[in-house]
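Spelled out from the first residue to the last, the chains are:
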Amino acid sequence: MEFITVETYEELSEKAASIIANQVISKPTSVLGLATGSSPVGTYKKLAELNKAGKLDFSKVTTVNLDEYVGLTADNDQSYRYFMNKNLFDNININKANTSVPNGCAADLESECKRYDKHIEDLGGIDLQLLGIGVDGHIGFNEPDSAFAKGTHVVTLDPSTIEANARFFASAADVPTNAVTMGNLPIMQAKKALLVANGANKYDILQKAFYGPITPYVPASILQLHPDITVIYSKN
Ligand code: GLP
């Protein structure tokens, strides 16, 4: 594991973007696992700048996102599909048909979970997985639980997650209570993992996750066993 602490969010975003850019340059057909939340926004902005400057080509890249809220349609501005279009896909030369976000509005969510796992498998797995971390240690929406879930599944969001994510909604009551999330297996099988976290409120959970015991009650702690994980943290 490489744990990099930087001074500013700008530096975090630059470093993370250059790791992703290296991945895409060395393998133009890369499968990127992508994340939402506020932490990767700067990284996506840098990637879009590189693309605009003609230094990075996404035309052969495929992406799979970690998660989606249950019940929010793609055109809802709080959905993760909307977030990805706005923060990245609309700003780079990716073919949107090659981008996937779980469908949180599927009539049969169990089948949607199976379909998503099969899709990741058919792609041959993930080359680089970008992650954030929740204040309760979640990755994607893998919340603290008694076991590490392997595949894509439906979760009930932790009250601390609902509270943390309420800032993006009109009120906490508007935050969906359920989500569909990729499980830990594709994340652990990703050839590279890159976790970005900023803000002093993430310090304690990062210590627990990366220097404490490996337990499903701190979901990100499983990443200690990942063969190629880089963590970039900025306090500001
Ligand atoms: C959401 C996402 C996570 C993300 C987390 C942290 O809950 N499902 O994938 O890591 O937010 O978000 P932020 O970076 O805004 O703190």
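Relevant structure appears above.
As a starting point, this report considers the structure included with it. The shown structure was predicted, so the numbers you read here are calculated from the model rather than taken from an experiment.

Notes on the site of the ligand
Part 1: In the vicinity of the ligand there are 14 residues, among which Ser38, Ser39, Asp67, His138 and Lys202 approach most closely.
Part 2: Here an oxygen atom of the ligand sits 2.6 Å away from a polar atom, N or O, in the side chain of serine 38.
Part 3: Separating an oxygen atom of the ligand from a side-chain N or O atom of histidine 138 is a distance of 2.9 Å.
Part 4: Protein coverage of the free-state accessible area of the ligand, which is 390 Å², stands at 95%.
Part 5: Here the shell around the ligand is built from residues that sort into three nonpolar, eight polar and three charged.

Focus on the sheet that holds strand S8 (residues 178-181)
Each strand in a sheet pairs with its neighbour through backbone hydrogen bonds, running either in the same direction (parallel) or in the opposite one (antiparallel).
Part 1: The antiparallel open sheet is built from three strands, whose spatial order is S4-S8-S7. Looking at strand neighbours, the two that pair on one side only are strand S4 (67-69) and strand S7 (153-156), the edges of this open sheet. For this sheet the average axis-to-axis angle between neighbouring strands, irrespective of direction, equals 25°.
Part 2: Helix H4 (residues 109-122) rests against S7 and S8 of the sheet, and its axis sits at about 125° to S7.

Notes on the nonpolar core
Part 1: Core analysis: the biggest nonpolar cluster contains 28 residues, and Ile133, Ile139, Met182, Leu195, Leu206, Phe210 and Leu223 have the highest contact counts within it.
Part 2: Looking at this core, the elements with two or more residues in it are H4, helix H6 (184-189), strand S9 (192-198), helix H7 (203-211) and strand S10 (229-234).
Part 3: When residues of this core are assigned to their parent elements, the largest contribution, four residues, is made by H7.
Part 4: The contact partners of leucine 195, leaving out residues within four places of it in the chain, are Leu131, Gly132, Ile133, Ile139, Leu206, Phe210, Leu223, Ile229, Thr230, Val231 and Ile232.
Part 5: Of all hydrophobic cores here, the second largest spans 27 residues; its members include Leu47, Ile94, Leu130 and Leu194.

Observations concerning the environment of alanine 35
Part 1: Within the secondary structure, alanine 35 sits in the loop between strand S2 (31-34) and helix H2 (41-52).
Part 2: With 81 residues separating them along the chain, alanine 35 and tyrosine 116 place their C-alpha atoms 15 Å apart.
Part 3: With sequence-adjacent residues up to four places away left out, alanine 35 is seen in contact with Pro40, Tyr44, Asn65, Leu66, Phe83, Met84, Leu130, Leu131 and Gly132.

Details of the pattern of salt bridges
Part 1: Evaluated as defined, the whole model comprises eight salt bridges.
Part 2: Notably, a salt bridge pairs lysine 96 with aspartate 90, separated by 2.6 Å at the nearest N-O pair.
Part 3: For the salt bridge of lysine 118 with aspartate 122, the shortest nitrogen-to-oxygen distance reads 3.0 Å. Placement of the pair is lysine 118 and aspartate 122 together in helix H4, with a separation of four residues, close to one helical turn.
Part 4: The class of lysine 118 is partly exposed, set by a relative accessible area of 47%.
Part 5: The exposed category is assigned to aspartate 122, whose relative accessible area is 52%.
Part 6: Among the charged side chains, a network of salt bridges with common partners joins Glu10, Glu14 and Lys46.

How each quantity is defined
- In this convention, every chain numbers its residues from 1, walking through the sequence in written order.
- The model is predicted, so local features are restricted to residues of pLDDT at least 70 and side-chain atom pairs to those at 80 or more, both for listing and for counting; the totals for chains, interfaces and linings are taken over all residues.
- As a rule here, side-chain values cover all heavy atoms of the structure and leave hydrogens and water aside.
- We call a residue near a molecule or strand when any one of its heavy atoms sits within 4 Å of it.
- In protein, a polar contact requires one atom able to donate a hydrogen and another able to accept it; more generally it is a pair of N or O atoms within 3.5 Å, and residues adjacent in sequence count only if both atoms are side-chain atoms.
- Areas reported here follow the Shrake-Rupley algorithm with a probe of radius 1.4 Å; residue values treat only the protein chains shown as occluding.
- Just so you know the grouping, Ala, Val, Leu, Ile, Met, Phe, Trp, Tyr, Cys and Pro go in nonpolar, Asp, Glu, Lys and Arg go in charged, and all remaining residues, Gly too, go in polar.
- Strands are labelled as partners when DSSP assigns at least two bridges between them.
- What counts as a helix is a DSSP run of H or I of at least four residues, what counts as a strand is a run of E of at least two, and both are numbered from the N terminus.
- Here an axis means a line fitted to C-alpha atoms, over the contact stretch when the element is a helix, while the angle between two N-to-C directions is reported on a 0 to 180 degree scale.
- Pairs of residues are marked as contacts when any of their non-hydrogen atoms sit within 4.5 Å.
- Note on terminology: a nonpolar core comprises buried Ala, Val, Leu, Ile, Met, Phe, Trp, Tyr and Cys residues joined through side-chain atoms within 4.5 Å.
- Think of it in three bands: residues with accessible area under 20% of the maximum for their type are buried, residues over 50% are exposed, and the middle band is partly exposed, with areas taken using a 1.4 Å probe on protein chains only.
- Any carboxyl oxygen of Asp or Glu within 4 Å of a side-chain nitrogen of Lys or Arg constitutes a salt bridge here.

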